[in-house]
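As a plain string of letters, each chain reads:
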Amino acid sequence: MRPAAIITRLGAGAGWRPQIDGALAQVEELGFIEVIAESIGSGPLPPGIVAARERGLQVVPHGIGLSLGGAERPAPARLAHLASVAERVGAPLVSEHIAFVRADGREAGHLLPVPCTHQALEILCENVAIAQAALPVPLALEHVAALVQWPGAEMDEVTFVRALIERTGTLLLLDLSNLYANALNHGYDALEALERFPLERIAYVHVGGGVLRDGVYHDTHSHPVVPGVLHLVEELCAIADPPGVMLERDDDFPPPSELVAELRAIADAVRLGGERRVRP
Amino acid sequence: MSAPDRGAYAERQAHLLDALLRGDDFPPGFVAADADAAGVALRRKRGRAVAHAWPALALCLGDAFETRFDEFDRGAGASASGEPLRDGLAFALSLAEEDEPLGDDARVEMLLARASLRRRGIWLRAACLREPYPRLLLVARLPRAGTRQRSFAIGRARW
């Protein structure tokens, strides 16, 4: 087992998008922003990100293109880009996904799940090791929401994620929206699964919105956060002290007042859970 | 454990991606309803990404954009790149071949996309447009300069 990376305290956070830069700049409680690494080009950093750093916020690059769960080894150019973004923003860590995003030379345009098998675990561990060797900061891995599951699973998703994190020494980007979505769509207990994640390895937590459509819950990041996900935030904080918890909003951006209200709802859930943890 | 067979793993992933894009021929063992839902969601997300990259084209098609792009994406299948600009251009060209009336803004988007997707050499195209005023638009892609555009009013400009 590789030694665990050191975990940095982040606080309350949000996914930075140019469309909500102005709104986020008004939120004094923010401790960090997450930026999509592939959206950062070789030119000057977006002014909103520079301003966030000047306000004292930490910036976490979030990769979406390494395809660590893919059959190919991660591309050196993509690793170099992620490493470069991490250095340019002074990141305490970077994050990526337990997923594949391309196959046979085609881009999926989405994060697709990997089989929960020993073979897939071996390939992922190899790919993650390559990534870790190329990155100047610790790497956190996010489990994804998946409407479809591979047949022939040899373990459940949480066991798979735990094994991957422990073998590679990476950190966990716990996505409570993805947990909620997968539990609802595939019929298992989200709270029971939550307790089995390697909570001691949490780098930070994602909280995003979704919608139930034709009996299927879609983790869209373009709808309000549903009460069930906020409940998971509180339950998590009742049993663990995550270093950072952030709101993900990628599309259909609401007015600033609604964005702030969502951030406050997450903060309230964190606080309520924390009060239960220290006063059982 | 022996070294993992990345080749076989790659084939399985390619088969799944292909099936999700086409909406059929899923590998054995997948729950059909889940696979269908995943395919719809994937194509919808790809459609939204193309709509963001091609706002004039999306506006041109209106409510029909999602359905029309889904039909195109399913049919394009193996040839779809998954890159919004490139797939949007392929979609726009397919619409033009079907004589779908594309507004001037969408035609400008096509020219700019074709220019920016060029990797080498000089590329120059012209188009006569009516909106917002009668004009000749020149779009060029030049080495080291990237994409450039210039409009020349035709006749008397309307204000």
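Predicted model only: the values in this text are computed from it and were never measured.

Quick notes on the rules
Residue numbering note: each chain is counted from 1, following its sequence as written. For this description, chains carry letters from A and ligands carry numbers from 1, given in the order in which they are written. Residues qualify for local features only when their pLDDT is at least 70, as the model is predicted, and side-chain atom pairs are given and counted only at 80 or more; totals for whole chains, interfaces and linings, by contrast, use all residues. Working from all heavy atoms in the structure, the side-chain values ignore hydrogens and water. We call two residues contacting when some pair of their heavy atoms lies within 4.5 Å. Once two parts are brought into contact, the accessible area they lose, counted with a 1.4 Å probe and summed over both, makes up the buried area. Every case where a carboxyl oxygen of Asp or Glu lies within 4 Å of a side-chain nitrogen of Lys or Arg is listed as a salt bridge. Contacts described as polar in this section are N or O atom pairs within 3.5 Å, which, within protein, must combine one atom able to donate a hydrogen with one able to accept it, while residues neighboring in sequence count only if both atoms come from side chains. Numbering of helices and strands starts at the N terminus; helices are DSSP runs of H or I of at least 4 residues and strands are runs of E of at least 2. Polar here means any residue other than Ala, Val, Leu, Ile, Met, Phe, Trp, Tyr, Cys and Pro, which are nonpolar, and Asp, Glu, Lys and Arg, which are charged; Gly is therefore polar. Think of it in three bands: with a 1.4 Å probe and only protein chains considered, a residue is buried below 20% of the maximum accessible area for its type, exposed above 50%, and partly exposed in between. Within the patch definition used here, like charges are joined within 9 Å and nonpolar side chains (Val, Leu, Ile, Met, Phe, Trp, Tyr) within 5 Å, considering only residues with over 30% relative accessible area and no salt bridge. With residues, only the protein chains shown are counted as cover, and all accessible areas are computed by Shrake-Rupley using a 1.4 Å probe. Positive charges come from Lys and Arg, negative ones from Asp and Glu, while His and the chain ends are left out of the count. Throughout, a charge is located at the NZ atom of Lys, the CZ atom of Arg, the CG atom of Asp or the CD atom of Glu. The quantity called pLDDT is the predictor's confidence in a given residue, expressed from 0 to 100. Any pair of cysteine sulfurs within 2.5 Å is marked as a disulfide. Aromatic rings from Phe, Tyr and Trp, taking only the six-membered ring of Trp, are treated as a pair when their centres fall within 6.5 Å; an angle between ring planes under 30 degrees marks them as stacked, one over 60 as edge-to-face, and anything in between as tilted. Consider the ring centre and the ring normal. A charge sits over the ring if Lys NZ or Arg CZ is within 6 Å of that centre and within 35 degrees of that normal.

Draft legend 1. Representation of the interface of chain A and chain B in the model. Contact residues are listed per partner, giving 33 residues for chain A and 34 residues for chain B. Taken over both partners, the interface formed by chain A and chain B buries close to 3,000 Å², and the fraction arising from carbon and sulfur atoms is 61%. Taken as a group, Arg 106, Val 148 and Trp 150 of chain A account for 23% of the area that chain A buries against chain B, more than any other trio of residues on that side. In this structure, the connection of chain A to chain B is made through four salt bridges. Here Arg 48 of chain B and Asp 251 of chain A are joined by a salt bridge, their closest N and O atoms 2.7 Å apart. Across the contact surface, chain A and chain B share 12 residue pairs in polar contact (both at pLDDT 80 or more). Within the residue set of the side of chain A that touches chain B, elements represented by two or more residues are strand 5 (100–103), strand 6 (106–112) and helix 4 (118–134) of chain A. Looking at the side of chain A that touches chain B, the element that brings in the most residues is helix 4 of chain A, giving seven residues. Looking at side-chain class alone, the side of chain A that touches chain B contains 13 nonpolar, 10 polar and 10 charged residues.

Draft legend 2. A look at the pattern of salt bridges. All names here are of chain B. Within this structure, the stated rule accounts for 29 salt bridges over all chains. The partner of Arg 22 in a salt bridge is Asp 18, with the nearest N and O atoms 3.3 Å apart. Linking Arg 22 with Asp 18, this pair stays in helix 1 (residues 6–22), spanning four residues, or about one helical turn. On the basis of relative accessible area, Arg 22 is assigned to the partly exposed category, the value being 30%. Arg 68 is the salt-bridge partner of Glu 98, the closest N and O atoms lying 3.1 Å from each other.

Draft legend 3. Seen up close, a positive patch on the surface. Among the surface-exposed residues, Arg 114, Arg 118, Arg 120 and Arg 125 of chain B lie close enough to one another that they form a single positively charged patch. On the secondary structure map, Arg 118 of chain B appears in the loop between helix 6 (104–117) and strand 1 (123–129).

Draft legend 4. Inspection of unusual backbone geometry at higher detail. Residues and elements named next belong to chain B. Going from Glu 131 to Pro 132, the amide bond is cis rather than trans, its omega being -10°. Inspection of the secondary structure puts Pro 132 in the loop between strand 1 and strand 2 (135–142). Non-glycine residue Arg 144 carries a positive phi angle of around 70°. Here Arg 144 is to be found in the loop between strand 2 and strand 3 (146–153). Judged by its relative accessible area of 89%, Arg 144 falls in the exposed class.

Draft legend 5. Representation of the confidence of the model for chain B. Residues and elements named next belong to chain B. Model confidence for chain B is summarised by a mean pLDDT of 88, while 94% of its residues fall at 70 or above. Looking over chain B, one finds the lowest element-wise mean pLDDT in helix 4 (residues 65–76), namely 88, and the highest in helix 3 (residues 55–61), namely 94. The complex prediction reports pTM at 0.90, with the ipTM value standing at 0.91.

Draft legend 6. Spatial organisation of the environment of Ala 14 of chain A. Residues and elements named next belong to chain A. If you trace the backbone, Ala 14 turns up in strand 1 (residues 11–15). Since its relative accessible area comes to 2%, Ala 14 is described here as buried. Remark: the alpha-carbon pair of Ala 14 and Val 35, spanning 21 residues in sequence, is separated by 9.0 Å. Leave out the neighbours within four places in its chain, and Ala 14 touches Leu 24, Leu 30, Phe 32, Ile 33, Glu 34, Met 246, Leu 247 and Leu 263.

Draft legend 7. Focus on the state of the cysteines. All told, the structure shown has zero disulfides over all chains when counted by the stated rule. Just so you know, Cys 125 of chain A is unpaired, no disulfide at all, and the nearest cysteine sulfur is the one on Cys 116 of chain A, 13 Å from it. Lacking any disulfide linkage, Cys 60 of chain B is separated from the closest cysteine sulfur, that of Cys 128 of chain B, by 19 Å. Taking the relative accessible area as the measure of exposure, Cys 60 of chain B reaches 32% and is therefore partly exposed.

Draft legend 8. Region of the structure containing the side chain of Gln 13 of chain B. Tracing the backbone shows Gln 13 of chain B in helix 1. There is a polar contact of 3.3 Å between the side chain of Gln 13 of chain B and the backbone nitrogen of Ala 71 of chain A.

Draft legend 9. Structural detail: the packing of aromatic side chains. The tally for this structure, following the rule as stated, stands at eight aromatic pairs over all chains. For the ring pair Trp 150 of chain A and Phe 30 of chain B, a centre distance of 5.3 Å and an interplane angle of 55° mean the geometry is tilted. Placement of the pair is Trp 150 of chain A in the loop between strand 7 (139–142) and helix 5 (157–168) and Phe 30 of chain B in the loop between helix 1 and helix 2 (32–53), with the two residues belonging to separate chains. Assessed through its relative accessible area of 8%, Trp 150 of chain A is described here as buried. Ring geometry for Phe 65 of chain B and Phe 91 of chain B: centres 5.7 Å apart, planes at 90°, overall edge-to-face. With Phe 65 of chain B in helix 4 and Phe 91 of chain B in helix 5 (residues 84–97), this residue pair connects regions lying 26 residues apart in the sequence. Taking relative accessible area as the criterion, Phe 65 of chain B reaches 7% and is therefore assigned buried. Connected via pairs of aromatic rings, a cluster forms that spans Phe 65, Phe 69, Phe 72 and Phe 91 of chain B. Positioned above the aromatic ring of Tyr 133 of chain B, the side-chain terminus of Arg 135 of chain B is 5.7 Å from the ring centre.

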